[in-house]
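# Fold and contact review
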Amino acid sequence: QTDFWSFCLRKTRLFRTSANANLRHNKVAREKLGLDDMARSLTKWGPFGQKQCPPHYWMEYIDCLNQREMDLIEILHASAARDAETHDSNFASFFWNVSQNASKEKHRSACPGIAGCITPGGDFFLPHAGRPLLGCEKLLLQGIPYFRLALGNETEVQIGDLAGNAMSLTVVCATMLAAMSCKQLRIETQKTSHGNMKKVLSDNAGIAPRKKLITSDLINDAKLWRKSGWLCATSLFEKLASLAPDAVKSSIWCTCESSGRNTLGTKFLQCKVCRVSFCRGCINTTSGYQLESHDTAEKIITKEDHNLGSFQQKLRNLVPPSLVFDEAAIKAIAAIEKDRHRVLGLLEFTFTLHRIKRERKKWIIIYYARENNGVGEAVAEFRISVGELKREGIDNCSDEDVELGMRGELTSFFPARQPPLVYGALEPCCMITIHDGESSKLTQWMVKTSNTKTSLKLMGENPMDSERVETGLTDFSAESLVENAKKSHNAKSFGPAKQRGEERRWIYAKNWKNWPEKITISTVKDDSEEVSHLCGEYIRAKCRQTINQSAMWIKSGSKDDQKLYLLIKPCTNRIGPDTAIISTSISHADSSCVLATLPRNWQPCDALNPKNHTLTDVSTMNWVPLDVKCYFSVSNVEVASPEKSPDVLVTVKGLRKADVVMLCRNDGSSKNTVQLNVTQGQKAQQTVRVFNSLCVAPILKYAAGNGLKYDLSPESPWVDISPPAGVIFWMLRHNYTPTAN
């Protein structure tokens, strides 16, 4: 296919012609946006399938898009950058329907967190994830739990069509309830003296207390069980830290491996600055990932080291099914600043294994503390990272000098569940870090305390193009925002916002086109070691599309100095502006590595304006050591895979009476043999959650250490099963496939 924007030059004017009738929609959208016609900074798409995409995009999906859809993605990406409160679509959550024309689709909804209408055949793209919206996710957006549906071999297209043709269950239920209760509401309103229907609704809006799913006897049984049979987890953490080198080699090194498989090759390219990596198979001059701005070096990993199945078996064989924090430790954390992290409510909770996840350069182990003895909503998370502790450049050092080990982070969800509510992502309140080869006796738990306010001076030099200019935005974008702020329906809000210092939520800064190549940070009043450590010269990195807004300044210094990075941390859910931070890690997701946070209205162009050099509201992070004890359970659960029983895959023994009651509480029969309901209704999901917390972790641990009668590893071969004489597989009543993994 030739270029969607085919053109010919006649005399002094540039005429564009195209046989595609959709071209005019893209042309008008770019003009209203103030975007150059040929600006393609995100995907660099061209004729005959040419494209160079950000490294987190799924190339299998991108290769299926036509030029109109590729150009629409460019327009929507530029629209997000055009907003006065700009957001990078590579790191902030957006929901785009690329099957629509550019004149119809908006880059964001009026309220953050709202998805568009799910339609049959609709092609929905999540730019921050680099992939399309899956069929099961479309069902969830419609309020339909796909795990309760008896789905077979339906394709993604068929499941997407099913979701598009469905009606949201919440809307149906609300309509039915309104129809059934409106007559009674009218009768009760007529009986009152005031006749106010809204007052009648508010007076009768009391919510009944939630019914607990377990009895007091089970709660007491669980408490007694927690006090016995627990071992200190410090030695466990030390063993996990020793697995860090293997965790890095077996982790994700390319986006093509994010689906649970490994690339076929052993050679990877890794950027020395931002540490992004690609496999050789995904790097193509016609259709591949952007490499122009990266200084890459080759990294070879053998297939034996990159085997995710073998490392996952090691991890499963080591990770316990449950963890618990000492009561004295929880009270000590709660004593800091009147329980600012709201952890006191975690005293009676046990953390159960939820998931083991493979990520880039590390593995993540997630434990959740749930209400109602492990079957309710999550109230806290304990996240263990094994592998690289922080992402840092290797341009001045070897790859072996990167910090490896394990890090455990405790996060309480009570601030988001109990008033006063805290919105947005919650940061960990307590952490432990153990480096590879380091004794656990030399490490301490660190607890986060209140931030300290200080002042810094940021002076910029050598102006260069800003992110908006690199995207292709022109002066028309800034002018249109100013005109929009002066309109009658916005003027009433813009005036007070300007008085509050929120002018930049409406319009650009005057020097928005330029960002400094070098930023010099110095102190103003505070000469303490924590602040003076931040001072120095920061040089902007050339890497693009791998850092939020492509904004990263690296502190230059000697080889022995600790590297610091000036980044712009994205507000992923877009409820506020992106915030500049100073961190020891390139990744803004490493919240425990953040040293300082700049004022939320600071932008890189301010470093070029002498009036904005001094910042008086800089927050520095403070962590204090604390004696925290964490324990893991010695489970009495025994798992076996009997060879002589062909119909039995595994047997589980040793469950407590309380566990059995929890598993069978939704069964009303009086038989000794109970068939667990795992597919029908809400109670089935409760049963599945109890089974996962009690049985899945021991089963997977047994499989990792001893193996099952069937090989369930990702690399296991497919085995042909010959049907018995006179039997056809697809006519059997039971779900029995001709091949088994």
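Look a little higher up for the structure.
As a starting point, this report considers the structure included with it. Predicted model, so just to flag it, every value in this text is computed and none were measured. (Residues numbered from 1 in each chain as written. Predicted model: local features only at pLDDT ≥ 70, side-chain atom pairs only at ≥ 80, totals over all residues. Heavy atoms only, no water.)

Take empty space enclosed by the protein next. Applying the stated criterion to the full structure yields one cavity of 30 Å³ or more. Of the voids in this model, the largest cavity is the one considered here, and its volume is about 30 Å³. Every residue along the wall of the largest cavity is listed here: H77, A81, T86, H87, D88, E467 and Q549. Of the residues that constitute the lining of the largest cavity, the class distribution is one nonpolar, four polar and two charged. (1 Å grid on protein atoms, 1.4 Å probe; cavity = no way out; pocket = protein on both sides within 12 Å on 5 of 7 lines; lining within 4 Å. Points joined across faces, edges and corners; volume = space filled by probe spheres on them. Nonpolar A, V, L, I, M, F, W, Y, C, P; charged D, E, K, R; others polar.)

So, about the nonpolar core. Looking at soluble globular proteins, one finds that nonpolar side chains tend to be buried together. Y57, I62, I73, F125, V273, L473 and M552 are the most contacted members of the largest nonpolar core, which has 59 residues in total. Taken together, the elements giving at least two residues each to this core come down to α1 (23-33), α2 (59-62), α3 (67-82), β8 (267-271), β9 (277-279), α15 (475-486), β22 (552-555) and β23 (565-569). Beyond its immediate sequence surroundings of up to four residues, I73 is in contact with L42, Y57, L65, W96, V98 and F125. Counting 46 residues, the second largest nonpolar core, distinct from the first, contains F237, A334, A380 and V447. (Core = buried A, V, L, I, M, F, W, Y, C linked by side-chain atoms within 4.5 Å. Buried < 20%, exposed > 50% of the residue type's maximum accessible area, 1.4 Å probe, protein only. Helix = DSSP H or I, 4+ residues; strand = E, 2+ residues; numbered from the N terminus. Contact = heavy atoms within 4.5 Å.)

The eight strands lie next to each other as β19-β20-β21-β22-β23-β24-β25-β26, forming a closed barrel whose pairing is antiparallel. Taken pair by pair, the neighbouring strands of this sheet meet at an average axis angle of 35 degrees, ignoring direction. (Pairing = 2+ DSSP bridges. Axes fitted to C-alpha atoms, helices over the stretch in contact; angles between N-to-C directions.)

Moving on, we get to the pattern of salt bridges. Per the counting criterion, the structure on display carries 29 salt bridges. Between K27 and D37 there is a salt bridge, with its nearest N and O atoms 2.4 Å apart. Remark: D37 occurs in the loop between α1 and β3 (51-53) and K27 occurs in helix α1; sequence separation between them is 10 residues. You can call D37 buried: its relative accessible area is 14%. Here R108 makes a salt bridge to D83, at a shortest N to O gap of 2.9 Å. Taken together, the positions of R108 in the loop between β4 (96-97) and β5 (124-126) and D83 in the loop between α3 and β4 put the pair 25 residues apart, joining distant regions of the chain. Among the residues examined, D83 registers a relative accessible area of 11% and is labelled buried. Through salt bridges that share partners, E85, R500, E502 and R505 make up one connected network. (Salt bridge = Lys/Arg side-chain N within 4 Å of Asp/Glu carboxyl O.)

Right, let's talk about helix α11 (residues 308-318) for a bit. Considered for burial, the residues of α11 that qualify are L308, G309, F311, L315 and R316. Relative to the axis of α11, the buried residues are bounded by an arc of 160 degrees and lie together on one face. (Arc of directions from axis to C-beta.)

Here the focus is the sheet that holds strand β7 (residues 230-232). On the basis of which strands lie adjacent, the open sheet formed by 10 strands has the order β7-β28-β12-β13-β14-β15-β16-β17-β18-β27 and antiparallel pairing. Strands with a single pairing partner mark the edges of an open sheet, and in this sheet they are β7 and β27 (623-626). Looking at each pair of strands side by side, their axes are set apart by 30 degrees on average, direction ignored. The sheet contact formed by strand β18 (residues 445-448) and β27 spans four bridges and is antiparallel. If you follow M446 over to β27, its bridge partner there is P625. Against the sheet, α11 contacts β13 (351-359) and β14 (362-370), and its axis sits at roughly 40 degrees relative to β14.

What follows is about the pairing of β18. As judged from the two bridges shared by strand β17 (residues 430-435) and β18, these two strands associate in the antiparallel manner. Counterpart to M431 in the pairing with β18 is M446.

A few words now on the environment of S556. Checked against the element boundaries, S556 lands in the loop between β22 and β23. Classification of S556 by relative accessible area gives partly exposed; the value is 39%.

Two elements in contact, α1 and α3, have axes whose closest approach is 11 Å; the angle formed by their N-to-C orientations is 15 degrees. As far as their axial angle goes, α3 and α1 are roughly parallel. Of the two possible hands of crossing, α1 and α3 adopt the one that is left-handed. Taking contact as the criterion, the partners of N26, A29, R30 and L33 in α1 are, on α3, R68, D71, L72, E74, I75, A78, S79 and R82. Tallied by class, the residues present in the contact of α1 with α3 amount to five nonpolar, two polar and five charged. (Parallel < 35°, antiparallel > 145°, perpendicular 65-115°, else oblique. Left-handed = near helix turned anticlockwise from the far one by under 90°.)

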